[in-house]
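# Analysis of the macromolecular model
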Amino acid sequence: MGVIGVLSDYVRCNPSHSALKTFLFGNVVLADSRDSAYRISKLGHKAVTLDGEYFEAKGGAVIIDINSKISKLTKIISMSTDIDGLLESISLLKKYVLKKKFSLKTLEDSIQSYTERLSLSEQGLASTDEKYSNLQSRISSIINMKQQLAARIAELSRRNANLLVEGSSHESHIDSLDTRIAIVEENYAGGEQMRIANELSRVNTKKSDLEKLYTTITNEYRDKDSQLTILQTEENRKKSQIKSLYDEESSLISQHQELENKINELKINKESKTAILVKLREKEQDLISTSGSSIGQLKEYDDKLKILSEKDKELTKEINSLERQSDSLNRDLRDLLENETKLRHLLSSFGFDKNMETFDVESVVQGLTTELNSPNALNAKAPETYLEVSYGYRSMSVRKNSLEEERNSIVKFIEDIERDKRQTFLDAFDKVDKEIRLIFSKMTGGNAWLELQNEDDIFNSGISYMIQFPNKPKRESTSISGGEKTLAAIVFVLALQKLKPSPFYLFDEVDAHLDAPNSERLAKILEERSQESQFIMVSLKDSVVQKAKLIYGVYPKNGVSYVVTYKDKRMPSVRTT
C-alpha cells in the first residue's frame, strides 16, 4: 500500500527523550509517495512522505518546506495537542479518584448492612430449628395416640366377632325354643301358654336392649375408625411438611455459607482497592509534576483505571446478587413462619396439645357378656343387617379417602401455581428495579427505585415508583414536576426494555421537556441501547440529532413538504451479492 512504517521509528534522539518522540510522532504514518499518504489520510490517519509533505487525517495535503520539514512537522503535530486538555484530564482523574473513595465508603456501608442482615438470618435459623424440634415432639405424641387408638379398635373388633358367634348360638337356641313352644301349645292349657308368652316378652325386651348396646358399640367403632383414618392422613401430611422444612433448613444453611464467603471476598477486594487508591494518589502527584512529558504514564494510568472500573462493575453486580439472595431468604423465612402458625392452629383444632381421656371398658364388657348369655331369643336378621352396614361403611370410607387425596392434590397444585406466580413476579420486579436504579443514576446522578406497597399481598396491592433527584427529598413519581415526570417515564421504559426487549422503539419528542444536559445524557444512553434494538425518535434537540446514524428532515416550501436525508458516513454500506 506504500506504507514504510511509523514516523517515530525513523526519528533518532537521546534515549531519555524517547517518550517525547513517541508522543510527537507516534500517530503519524511514513509513506513512500504522495498518493499513498493521501489514501492513508482518507482512512483517518496522519501521514507524511519522504519529501516532507504532510497530510492531515481526512483532510487535504499540506506542503512543508523541504529544507526544514522535520522542525515544522514537529511544530504542526505538537500544536495539535492541547496542554489544557491534558490538565483537564488530570482534573477529571482527581474527580474519578474522589468518586472511587465515595464508592469504597458505600461498599463499606453495604458490607456492614449485609453483616447485620446475616446476623438476623442466623437468629431466624436458630428459631426455626427450635420450632422444628417442638414439632417433632408433637408428632411423636400423635403417633403414640394413633397406636393406642389402633389397639383399642382391634380389641373392639375382636369383641364384635365374639358377639356375632354368641348371636348365632342364641339364634339356634331360639329355633329350639320355637319348636318347644309349638309342642307346648299343642299339649298344655292357656295358662301355661300365657306364662311362656310372658317369658318370650321378657326375652325380647332383653334382646332389644342388646341390640341397642350393639348399635352403640358399632357406632363407637365407626367413630374410632374414622378418627384413625384422619390421624393417618394428618401423619402423612406432617411427614411431608417435616421433609420440606428439613430441605428448607439445608438450603438456608448453604445460602448462609455462600453469604459469608461473599462478604469475605468483598472485604479482601476492599483492602486491595484501598491499597490501589493509595498508590494512585502517589502517582497522581508524580503525574502533576511531570505532566509535560508523561504521556506514556498517563496511558498506563488510563488502562489501570479501566481495569478498576471493570472490577467496580463486577463488585456492583455481586452486591446486587447478594441483595436479591437476601430478599429471597427473608421471603422464605416469612413463609416458614406462616407455615408454623398454620400447623399450630391445625394441631390445636384437633386437640393434640392436650392429653386424651381414657376409661376402663372391662366392667362394661363383662356386663354385656352376661346379658348376651342370659337371653333366649335374638333377631335372626342381625347378621344380614350388619353385613349391609359394614359393606356400606367400607365403600363410603374408600370414597372418602379418594376424595381426600383428590382434594390434597388440588390444594398442592394451587399452592405450586401461586408460588411460581409469586417468584416470577419478584424476579421481574428485581430486574426492572435494578435497571431503573442504574439508568436514573447515570442520567441524573440521583436515585430511583420501585417499592411494594404490601409485600405480604403483592398481587392485591400496588407498586410505588420513588424518585430522588440530587439535593432533593425522595418523592413518588406522581408528585414531581412535568419535566421530572418525563425523565422518570423514559427511565421506566428503558428499564422495561431489559425485561422484554423489542426489535424497535418509536419516541415522539420525549425530550421536549428536558434541559440540554439531560437531553445529551438521554441521547448517549439511546446510542448505547441501539446496539440491541432500533430507536426511531422525533426530536428538535441538537444533542439528540448529533447521535443519530440516519436523519430525516422535513421542511415546507411553497406549501409543499420536502424531505431531506442524511446518513452518517461511519455507518457501513449494505452490500448485496
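Residues numbered from 1 in each chain as written. Predicted model: local features only at pLDDT ≥ 70, side-chain atom pairs only at ≥ 80, totals over all residues. Heavy atoms only, no water.

### Structural notes on the packing of helix 9 (residues 482–499) against helix 10 (residues 516–529)
Orientation of helix 9 relative to helix 10, taken along the N-to-C sense of each, is 10°, at an axis distance of 12 Å. Taken together, the axes of helix 9 and helix 10 lie roughly parallel to each other. Two secondary-structure elements touch here, helix 9 through Leu487, Ile490, Leu494, Gln497 and Lys498 and helix 10 through Asn518, Leu522, Ile525, Leu526 and Arg529. Of the residues assigned to the contact of helix 9 with helix 10, the class counts are 6 nonpolar, 2 polar and 2 charged. (Axes fitted to C-alpha atoms, helices over the stretch in contact; angles between N-to-C directions. Helix = DSSP H or I, 4+ residues; strand = E, 2+ residues; numbered from the N terminus. Parallel < 35°, antiparallel > 145°, perpendicular 65-115°, else oblique. Contact = heavy atoms within 4.5 Å. Nonpolar A, V, L, I, M, F, W, Y, C, P; charged D, E, K, R; others polar.)

### What about a nonpolar patch on the surface?
Side chains of Ile410, Phe413, Ile414 and Ile417 sit close together on the surface and give an oily, nonpolar patch of about 400 Å² of accessible area. Tracing the backbone through its elements, the reader meets Ile410 in helix 8 (residues 382–444). (Patch = residues over 30% accessible without salt bridge, like charges linked within 9 Å, V, L, I, M, F, W, Y side chains within 5 Å. Areas by Shrake-Rupley, 256 points an atom, 1.4 Å probe, with all protein chains shown as cover. Salt bridge = Lys/Arg side-chain N within 4 Å of Asp/Glu carboxyl O.)

### Thoughts on a negative patch on the surface
On the surface, a cluster of negative charge is contributed by Asp247, Glu248, Asp332, Asp335, Glu338, Asp456 and Asp457. Contributions of two or more residues to the negative patch are made by helix 5 (190–289) and helix 6 (295–349). Counting residues per element, the negative patch draws most heavily on helix 6, which supplies 3 residues. Assessed through its relative accessible area of 32%, Asp335 is described here as partly exposed. (Lys, Arg positive; Asp, Glu negative; His and termini not counted. Charge placed at Lys NZ, Arg CZ, Asp CG, Glu CD. Buried < 20%, exposed > 50% of the residue type's maximum accessible area, 1.4 Å probe, protein only.)

### Digging into the packing of aromatic side chains
All chains considered together, the criterion is met by 8 aromatic pairs. Ring centres of Phe507 and Phe535 lie 6.0 Å apart, and the angle between their planes is 50°; this geometry places the pair in the tilted category. Here Phe535 lies in strand 10 (residues 534–538) and Phe507 lies in strand 9 (residues 504–508), a separation of 28 residues in the sequence. Neither residue differs from the other here; Phe507 and Phe535 are each classed as buried. Judged by centre distance (5.7 Å) and plane angle (25°), the ring pair of Tyr555 and Tyr562 falls under stacked. The ring centre of Phe459 lies 4.5 Å from the NZ or CZ of Lys421, which sits over that ring. Looking at Lys472, its charged tip hangs above the ring of Phe469, at a distance of 5.8 Å from the centre. (Phe/Tyr/Trp six-rings, centres within 6.5 Å; stacked < 30°, edge-to-face > 60°. Lys NZ or Arg CZ within 6 Å of the ring centre and 35° of its normal.)

### A word on helix 10
Across its 14 residues, helix 10 extends 20 Å between first and last C-alpha, which sits within 8% of the 20 Å expected from 1.5 Å per residue. Those residues of helix 10 that sit buried are Asn518, Ser519, Leu522, Ala523, Ile525, Leu526 and Arg529. When helix 10 is viewed along its axis, its buried side chains cluster within an angular range of 165° and face the same direction. (Expected span 1.5 Å × (residues − 1). Arc of directions from axis to C-beta.)

### Concerning the confidence of the model for the chain
Residues of the chain with pLDDT of at least 70 account for 81%, and the chain-wide mean is 76. Low pLDDT (under 50) marks residues 60–82, which in the prediction has 31 contacts with non-local residues, meaning those over four places away or in another chain. (pLDDT = per-residue confidence, 0-100.)

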